[in-house]
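# Remarks on the overall topology
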Amino acid sequence: MKSSWLDSSQQQTISLGSTTCQTTFQQEQHLYDHLLEKVRTEPPEALLDRFHALFIEGVGYSEHQVWQAIKQIVDSPKAEKEFKFILNRSCHILINHWLMQPRLHSAIPELIAQFENVPGGQPRSRTTKRLRTLVQQFNTTEQYAALQRLAQVLNQAPDWGTHASTKPLGTLVRRYPCLYEHNLLTQDSTEEQRHRVRQIRRQNQLQFERDLARYATHRLLNQSIVTGDTILLPPAPDARSIRNPTLLTDRQLDLALHHFGGKVDGSNTYRDLAHRFVTYSSHSSSFRSFKDDLYDYLTESIDPKYGNRQFNHRLHTVLKNALPEHDAEALNDVLMVGVCRRLLNFLVVDHPSHLNHGCFVDLTGNLGITTTIGLLLKVVLICRKVKPCLEKRLAILFNHYETCAREAVNWLVESLENLNVAFSINFGTLSL
């Protein structure tokens, strides 16, 4: 009888838990349906007022049933863990609709800025107090950080001010489309959100490539380049109206264009070298043999004075320890992706919780930023499937330093600017 009583009690607890979950789900859906209806019928100004009353102040909302839904959501035992996802989705219901109409884009930063407002007065009810606490906690989540970055991406005002270098690195996120999918999305992002971010990435990437092509064309038409020691003569007056679309100096950008689009070794472009390596390595007798060839391919770019100190030894060790259990097997796509991912972990950074990026900083300081980005380019050109992996590695560094002043992490800014140029030439529409 005792065992039977326990079973019955457990079943009752499970039943009650299921009922609570089902009720909360219904209230969530009621909230989402309400926001979907309003975003289709009301202008952004009215929606911003609604959002402020419902989520920021937590008082005086005109729709009683919606407020009751909020009450049940915040009173739920799972609110501590689940509310950030509910609030994030609520924001994106409005954002996704506004993103479809460029004239409404300015409302999105206004919406996100509301979280910086401190509600006035003491909360009049337990629900309001609980809601404000949960919203305050939301401001510390990765979901809110992604929303803030989205606001920066949609900020159309160019930052050419004299004090721009003292502003946080995070204000530059709009400049780096390759980081969008890792900086603007979170694990709970919907497929629609991912689609919108990919659209914004394509648009901003194409715009950068157009601006870069326009700049490069005018520079080539208005300067003389003497190979060997590259001597750049001042551009003609009409070229000065074409703004350098990067944060590099004109000389740095000219050298980057030449490096990533020209004959890097005097005879071959980066793409030529990658094509030759892929063709040659396809005949490797084993995965171990391929890794030996890969070591030679990469160290060709490394100044021996630097490489022979310790870098080449460390690189060899990383390759030797990459999937050693498969050394006797023939090379295949899985092994290619696996070894290239490990290379990028070593060359840039491994994981957000393991932020050892001393190798990357050391490379940029000793080889130079353009050469370092060229080394990373060599990896992704032989295995394009790891390009998102490189983008994620750099997004980890960007997120880590995003509150730092730009001038304090100039090595990272110049790295990302060079990456923009390298990707535009080797993966985009830009042709030199």
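As the structure is a prediction and not an experimental result, all values here were calculated from the model.

Turning our eyes to something else, we now look at the packing of helix H14 (residues 333–347) against helix H16 (residues 369–382). Running from N to C, H14 and H16 point in directions that differ by 165°, and their axes come no closer than 10 Å. With respect to H16, the axis of H14 lies roughly antiparallel. As H14 packs across H16, the resulting crossing turns out to be left-handed. Packed against H14, whose contacting residues are Met 336, Cys 340, Leu 343, Leu 344 and Leu 347, the element H16 presents Leu 375, Leu 376, Val 379 and Ile 382 at the interface. Its residues assigned to classes, the contact of H14 with H16 comprises nine nonpolar, no polar and no charged.

In this section: the nonpolar core. Across soluble globular proteins, nonpolar side chains show a tendency to be buried alongside one another. Leu 31, Trp 98, Leu 294 and Phe 311 are the most contacted members of the largest nonpolar core, which has 125 residues in total. Of the residues forming this core, the biggest block, 10 residues, is contributed by helix H4 (residues 79–99). Excluding anything up to four places from it in sequence, Leu 31 contacts Leu 54, Phe 55, Val 66, Ile 70, Ile 73, Ile 86 and Ser 90.

Across the protein, the average pLDDT comes to 90, with 88% of residues at 70 or higher. Predicted confidence for residues 1–17 stays below pLDDT 50, and this span has zero contacts to residues more than four positions away or in other chains. A low-confidence stretch, residues 224–233 (pLDDT under 50), is modelled with 16 contacts involving residues beyond four sequence positions or located in other chains.

The next point concerns helix H12 (residues 287–299). If you check H12, its first and last C-alpha atoms are 18 Å apart, about what 13 residues at 1.5 Å a residue would give, namely 18 Å. Of the positions making up H12, those classed as buried are Phe 287, Phe 290, Lys 291, Asp 293, Leu 294, Tyr 295, Tyr 297, Leu 298 and Thr 299. On its buried side, H12 packs onto helix H11 (270–281), helix H13 (304–320), H14 and H16.

A contiguous patch of negative charge on the surface is contributed by Asp 265, Asp 292, Asp 296 and Glu 300. When you line up the elements, Asp 292 lands in helix H12. Of the residues examined, Asp 292 reaches a relative accessible area of 40% and is grouped as partly exposed.

Before going further, it helps to examine the packing of aromatic side chains. Scanning all chains against the criterion turns up 15 aromatic pairs. Judged by centre distance (5.2 Å) and plane angle (45°), the ring pair of Phe 115 and Phe 138 falls under tilted. With Phe 115 in the loop between helix H5 (107–113) and helix H6 (126–138) and Phe 138 in helix H6, this residue pair connects regions lying 23 residues apart in the sequence. Both residues of the pair, Phe 115 and Phe 138, count as buried. Aromatic side chains Phe 311 and Phe 346 sit 5.9 Å apart centroid to centroid with 25° between the ring planes, which places their arrangement in the stacked category. Note that Phe 311 is positioned in helix H13 and Phe 346 in helix H14, a separation of 35 residues in sequence. Cluster of aromatic residues (ring-pair linked, three or more members): Phe 51, Phe 55, Phe 115, Phe 138 and Tyr 144. Positioned above the aromatic ring of Tyr 32 is the side chain of Arg 89, whose terminal nitrogen or guanidinium carbon lies 4.4 Å from the ring centre.

Parameters at a glance
Residues numbered from 1 in each chain as written. Predicted model: local features only at pLDDT ≥ 70, side-chain atom pairs only at ≥ 80, totals over all residues. Heavy atoms only, no water. Axes fitted to C-alpha atoms, helices over the stretch in contact; angles between N-to-C directions. Helix = DSSP H or I, 4+ residues; strand = E, 2+ residues; numbered from the N terminus. Parallel < 35°, antiparallel > 145°, perpendicular 65-115°, else oblique. Left-handed = near helix turned anticlockwise from the far one by under 90°. Contact = heavy atoms within 4.5 Å. Nonpolar A, V, L, I, M, F, W, Y, C, P; charged D, E, K, R; others polar. Core = buried A, V, L, I, M, F, W, Y, C linked by side-chain atoms within 4.5 Å. Buried < 20%, exposed > 50% of the residue type's maximum accessible area, 1.4 Å probe, protein only. pLDDT = per-residue confidence, 0-100. Expected span 1.5 Å × (residues − 1). Patch = residues over 30% accessible without salt bridge, like charges linked within 9 Å, V, L, I, M, F, W, Y side chains within 5 Å. Areas by Shrake-Rupley, 256 points an atom, 1.4 Å probe, with all protein chains shown as cover. Salt bridge = Lys/Arg side-chain N within 4 Å of Asp/Glu carboxyl O. Lys, Arg positive; Asp, Glu negative; His and termini not counted. Charge placed at Lys NZ, Arg CZ, Asp CG, Glu CD. Phe/Tyr/Trp six-rings, centres within 6.5 Å; stacked < 30°, edge-to-face > 60°. Lys NZ or Arg CZ within 6 Å of the ring centre and 35° of its normal.

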